Amino acid sequence: MAIADGLKAVTARIHAACQRAGRPASEVRLVAVTKYAQPAWIRALLELGVADLGENRPQQLAQRREEFAGAPAALDDAADGPRWHMIGHLQRNKIKLFLRHSRILHSLDSLRLAEELAAQARDAGPVDVLIEVNVSGEASKGGVTPAEAPRLAEAVAKLTPLRLRGLMTMAPLSDDPQSARPVFARLRELRDTLRRAGAAGPDCHHLSMGMSNDFDVAIEEGATLIRVGSALFEGVDGEPA
Ligand SMILES: *Cc1c(COP(=O)(O)O)cnc(C)c1O
């Protein structure tokens, strides 16, 4: 299989899910998660027009960004290279490294991290952040509880140059994608509640949810950013990195 086939299959699933949900496909952005990808596969994706790439570890994000260039870009920046999304837990001692390579953090999970990020980003310019919410309550998952989210959202809204752009969650691992539906629906409701209560502004509309096995359901429940790795790369010729 070639990368183009993996991308075609994912794109077809995106369009089918949007159609079922009555949503325009332009509302859903594919973030290709490259943590297990070979450099040649990433190059192929970029040539095919994928502009958003994600990594879950800051060191690897830094390496990749140096290899594939592009300026550190925020969500709505028209970058001349790929936009790199940090999708995994960010330790405070890695903030500087993160800021050298990215302006998009999906996994903001504490006020301390937000405050330090804001302080260190002062000279770097706007940083788009999403609050990671542990909707399922699994101990193994990162993120704040749904009950904690409003307070963190209100605090982040005051922390220039951070821009609160939405919420992110991970559904529990399961063979049945439908089991993720209540988790995704809950994240959407939480976003809507934050906006109604004024804890988050109109720019806070993104929902980062859905991975290879459940992004169809996530799109039906309102996902605007889907984080997809293995569905793009599984079965592609060559060994994973
Ligand atoms: C690896 C990863 C993904 C992608 O997972 P796949 O199942 O390979 O699509 C999405 N989100 C996060 C936070 C990840 O670490």
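This text follows the structure it describes.
Residues numbered from 1 in each chain as written. Predicted model: local features only at pLDDT ≥ 70, side-chain atom pairs only at ≥ 80, totals over all residues. Heavy atoms only, no water.

Caption draft 1: Expanded view of helix 2 (residues 39–47). Those residues of helix 2 not exposed but buried are Trp 41, Ile 42 and Leu 45. Projected onto a plane normal to the axis of helix 2, the buried residues spread over an arc of 100° and lie on a single side. The positive-phi residue at the C-terminal boundary of helix 2 is Gly 49, with phi of around 100°. (Buried < 20%, exposed > 50% of the residue type's maximum accessible area, 1.4 Å probe, protein only. Helix = DSSP H or I, 4+ residues; strand = E, 2+ residues; numbered from the N terminus. Arc of directions from axis to C-beta.)

Caption draft 2: Structural view of the packing of aromatic side chains. The tally for this structure, following the rule as stated, stands at 1 aromatic pair. Between the aromatic rings of Trp 41 and Phe 233, the centroid separation amounts to 5.7 Å while the plane-to-plane angle is 20°, which identifies the pairing as stacked. Linking Trp 41 in helix 2 with Phe 233 in helix 9 (residues 230–233), this pair joins segments that are 192 residues apart in sequence. Note on Trp 41: relative accessible area 7%, which makes it buried. On the accessibility criterion, Phe 233 (8% relative accessible area) is buried. (Phe/Tyr/Trp six-rings, centres within 6.5 Å; stacked < 30°, edge-to-face > 60°.)

Caption draft 3: Quick look at the pairing of strand 1 (residues 29–33). Among the 5 residues of strand 1, 5 are classified as buried, and the element is accordingly described as predominantly covered. A two-sided burial pattern is seen for strand 1, the buried positions comprising Arg 29, Val 31 and Val 33 on one face and Leu 30 and Ala 32 on the other. Pairing of strand 1 with strand 2 (residues 52–55), which is carried by 2 bridges, proceeds in the parallel orientation. Each bridged residue has a counterpart across the sheet, and for Ala 32 the counterpart in strand 2 is Leu 53. Once you follow strand 1 into helix 2 and on to strand 2, the crossover reads as right-handed. (Pairing = 2+ DSSP bridges. Right-handed = clockwise from strand over helix to strand, strands pointing away.)

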